[in-house]
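Survey of secondary and tertiary structure
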Amino acid sequence: MLGKEIHLPLTIHRADTSWKRLKGLLFYKEPIKEEGLLITPCNSIHMFFMRFAIDVVFLDQANKVVKVVSGLQPWKMVPPVRNAYATLELPTGTITHQHISVGDTISL
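Residues numbered from 1 in each chain as written. Predicted model: local features only at pLDDT ≥ 70, side-chain atom pairs only at ≥ 80, totals over all residues. Heavy atoms only, no water.

Once that is clear, we can look at the sheet that holds strand β3 (residues 35–39). With mixed pairing, the five strands of this open sheet are ordered in space as β2-β3-β8-β5-β6. Looking at which strands have only one partner, the edges of the open sheet turn out to be β2 (11–15) and β6 (65–72). Between one strand and the next, the sheet's axes are offset by a mean angle of 20°, whatever the strand orientation. Relative to β3, β2 runs parallel, the two being bridged by five bridges. Counted as the bridge partner of Arg 14 is Leu 38 from β3. (Pairing = 2+ DSSP bridges. Helix = DSSP H or I, 4+ residues; strand = E, 2+ residues; numbered from the N terminus. Axes fitted to C-alpha atoms, helices over the stretch in contact; angles between N-to-C directions.)

Printed below as a string of structure tokens:
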């Protein structure tokens, strides 16, 4: 699937240790606005104890989008996504505003 390259106008933090992956955005009280979180390795997420919705982009090892979930609400889950290596958690609305779709590549 041929896609476009997406450059996000956000600060992307990395969660690449066990503690950072476990913590994620859990202790944020307000919705994220100009930042995102790249969790690696990660092919599924849960929103238990979260206080706000987020957009979620699942990426393969080449940062190619394999699944998008807009407006994932607190207390919801996304089961394991085939071929996903990383999860990019973004402010709600980012997928729509940046026109992110399966097959695109996210430039990090």
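Another point: the pattern of salt bridges. Here the idea is simple: oppositely charged side chains can pair when their charged atoms come close. Tallied over the entire structure, the rule returns one salt bridge. A salt bridge links Asp 104 to Lys 4; the nearest nitrogen and oxygen atoms lie 2.8 Å apart. Residue Asp 104 is located in the loop between α2 (94–97) and β9 (105–107), and its partner Lys 4 is located in the segment before β1 (5–7); the two are separated by 100 residues in the primary sequence. Of the residues examined, Lys 4 reaches a relative accessible area of 37% and is grouped as partly exposed. (Salt bridge = Lys/Arg side-chain N within 4 Å of Asp/Glu carboxyl O. Buried < 20%, exposed > 50% of the residue type's maximum accessible area, 1.4 Å probe, protein only.)

Turning our eyes to something else, we now look at the nonpolar core. Judged by nonpolar contacts, the single largest core of 18 residues is most densely connected at Ile 45, Ile 54, Val 56, Phe 58, Leu 72 and Val 78. Those elements that provide at least two residues to this core are β3, β5 (54–59) and β6. Not counting residues up to four positions away in its chain, the partners in contact with Leu 72 are Ile 45, Met 47, Phe 52, Ala 53, Ile 54, Val 56 and Val 78. (Core = buried A, V, L, I, M, F, W, Y, C linked by side-chain atoms within 4.5 Å. Contact = heavy atoms within 4.5 Å.)

Tracing the sequence through the fold places Asp 55 in strand β5. As a buried residue without a salt bridge, Asp 55 has its nearest oppositely charged side chain in Lys 67, at a separation of 13 Å. One polar contact links the side chain of Asp 55 to the main-chain amide nitrogen of Gly 93, over a distance of 3.0 Å. With near-sequence residues (within four places) excluded, Asp 55 lies in contact with Val 69, Ser 70, Gly 71, Leu 88, Glu 89, Leu 90, Pro 91, Thr 92, Gly 93, Thr 94, Ile 95 and Thr 96. (Lys, Arg positive; Asp, Glu negative; His and termini not counted. Polar contact = N/O pair within 3.5 Å; in protein donor to acceptor, adjacent residues only side chain to side chain.)

Let's shift gears to the packing of aromatic side chains. Evaluation of the coordinates by the stated rule reveals two aromatic pairs. With a centroid separation of 5.9 Å and 35° between ring planes, the pair formed by Phe 48 and Trp 75 is classed as tilted. Highlighted residues: Phe 48 in the loop between β4 (45–46) and β5 and Trp 75 in the loop between β6 and β7 (77–78), separated in sequence by 27 residues. (Phe/Tyr/Trp six-rings, centres within 6.5 Å; stacked < 30°, edge-to-face > 60°.)

Counted residue by residue, β5 has six buried out of six residues, so it is predominantly covered. A two-sided burial pattern is seen for β5, the buried positions comprising Ile 54, Val 56 and Phe 58 on one face and Asp 55, Val 57 and Leu 59 on the other. As defined by bridge partners, β5 adjoins β6 across five bridges and the pair is classed as antiparallel. Looking at β6, one finds that Phe 58 is bridged to Lys 67. Two successive antiparallel strands, β5 and β6, enclose a turn made up of five residues, where Asn 63 displays a positive phi of approximately 65°. Pairing of β5 with strand β8 (residues 86–90) involves five bridges; the strand directions are antiparallel. What sits directly across from Leu 59, in β8, is Ala 86.

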